[in-house]
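# Structural overview for review
One letter stands for each residue in the lines below.
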Amino acid sequence: AIILGKANLSELGGMVHQGNRMGGTSAVGGRAINPYGDDFATSGSSSGSAVATAALLAVASVGTETSGSLLSPAAKNGVVAIKPTQGLVSSQGILPVVTNNDGPGPVARSVRDAARLLAAIDTVDVDYSGGLAISGLSGKTVGVLTADILDDRNRQPLLQKAVSALTVAGAQLRPARIVKTPA
């Protein structure tokens, strides 16, 4: 691999805030700016990777996951991230907060590109993008968190579009809900 650059890494798992903007702040790099607007959050410690990818500075990048440190910045910056199973990608050189959970994962603008990067950095020989055919969901059951998504009625058109796409792809849709467990 050729390293093209290094991204801003938020200290303390991205929990340093500047005003109402969550995460994305480091003592060395300052605050990462969401490419969709300065008023939007960048989120956790992999915000630099997500921002660089969303801003088209890189086709893909690698971030690290602890507890949303990879997935949340991807969501906030409109890109895709994959949190690999522990040990699938080498964690050498990563200082873990949670030893049995922390690890690197790909960030990209598309699922296909994220799958390609995962294939390049993992420790096994798997073609992840091979499972991305439209028939890949045929016969699979997908839970839809309707109540959680529709707590804001403005989300209904987006949910309907997603449900239609999943149905066309052959998925069997079932209602799902988030179960809160006692602490």
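Given the structure is predicted, the values throughout are model-derived calculations rather than measurements. Numbering of residues starts from 1 in each chain and follows the order in which that chain's sequence is written. At least 70 in pLDDT is required for a residue's local features to be given in this predicted model, at least 80 for side-chain atom pairs to be given and counted, and no such filter applies to totals for whole chains, interfaces and linings, which use all residues. Processing note: side-chain calculations cover all non-hydrogen atoms of the structure and skip hydrogens and water entirely.

Glancing now at the overall build of the protein. In terms of regular secondary structure, the protein is built from five helices and seven strands. Each helix and strand of the protein, ordered N terminal to C terminal, gives the series β-β-α-β-α-β-β-α-β-α-α-β. Only C-alpha atoms enter the radius of gyration, while the globule expectation follows 2.2 Å times N to the 0.38, with N the number of residues. Taking 16 Å as the expected radius of gyration for a compact globule of 183 residues, we find that the protein reaches 17 Å, a close match to that expectation. Contacts are assigned to residue pairs that have any heavy atoms within 4.5 Å of one another. Counted over contacts in the protein with a minimum sequence separation of 6, partners at least 24 positions apart contribute 52%. Per-residue and other accessible areas were derived by the Shrake-Rupley procedure at a 1.4 Å probe size, with only the shown protein chains allowed to occlude residues. When the accessible surface of the protein is split by element, carbon and sulfur atoms take 59% of a total near 11,400 Å². Charged residues are defined here as Lys and Arg on the positive side and Asp and Glu on the negative side; His and the ends of the chain fall outside this count. Here the site of a charge means atom NZ of a Lys, CZ of an Arg, CG of an Asp or CD of a Glu. Computing the positive centroid from 15 side-chain charges and the negative centroid from 12, the protein places the two 6 Å apart. Helix and strand definitions follow DSSP, with helices as H or I runs of at least four residues and strands as E runs of at least two, each counted in order from the N terminus.

Take the confidence of the model for the protein next. Mean pLDDT over the protein: 85, with 90% of residues reaching 70 or higher. Each residue carries a pLDDT score, the predictor's own confidence in it, on a scale running from 0 to 100. Mean pLDDT across the elements of the protein bottoms out in strand 1 (residues 25-26) (76) and peaks in strand 4 (residues 80-81) (96).

Let's shift gears to the sheet that holds strand 4. Criterion used throughout: strands pair if DSSP finds at least two bridges between them. Spatially, the three strands line up as an open sheet ordered 3-5-4, and their pairing is antiparallel. Since the sheet does not close on itself, it has two edges, and those belong to strand 3 (60-65) and strand 4, each with one partner. Examined bridge by bridge, strand 4 and strand 5 (residues 103-108) share two bridges and lie antiparallel to one another. What sits directly across from Ala 81, in strand 5, is Val 107. As a rule, the C-alpha atoms of each element are fitted with a line to give its axis, helices using only the stretch in contact, and angles between N-to-C directions run from 0 to 180 degrees. Lying on the sheet, helix 1 (residues 47-54) is in contact with strand 3 and strand 5; it crosses strand 3 at an angle near 160 degrees. Relative to strand 5, helix 3 (residues 111-121) is tilted by about 145 degrees, and along the sheet it contacts strand 3, strand 4 and strand 5.

We now examine unusual backbone geometry. Phi is positive for Ser 43, which is not a glycine, with a value near 80 degrees. Positive phi outside glycine occurs at Leu 56, with the angle close to 65 degrees. Mapping Leu 56 onto the fold places it in the loop between helix 1 and strand 3. Relative accessibility thresholds used throughout: buried, under 20% of the residue-type maximum; exposed, over 50%; partly exposed, between the two (1.4 Å probe, protein chains only). According to the relative accessible area criterion, Leu 56 is exposed, its value standing at 61%.

We define a salt bridge as a side-chain nitrogen of Lys or Arg found within 4 Å of a carboxyl oxygen belonging to Asp or Glu. The full count for this structure, using the stated rule, is two salt bridges. The partner of Arg 31 in a salt bridge is Asp 38, and the shortest N-O contact between them spans 2.2 Å. Judged by relative accessible area, which is 37%, Asp 38 ranks as partly exposed. Here Asp 113 makes a salt bridge to Arg 116, at a shortest N to O gap of 3.4 Å. Of this pair, Asp 113 and Arg 116 both sit in helix 3, separated by three residues, roughly a single helical turn. The partly exposed category is assigned to Arg 116, whose relative accessible area is 48%.

Below, the discussion takes up helix 1. By the criterion of burial, helix 1 is predominantly enclosed, with eight of the eight residues buried. Among all positions in helix 1, only Ser 47, Gly 48, Ser 49, Ala 50, Val 51, Ala 52, Thr 53 and Ala 54 are buried. Turning to helix 1, the residues buried within the fold contact strand 3, helix 2 (71-76) and strand 5. Positive backbone phi, approximately 65 degrees, marks Leu 56, located one or two places after helix 1.

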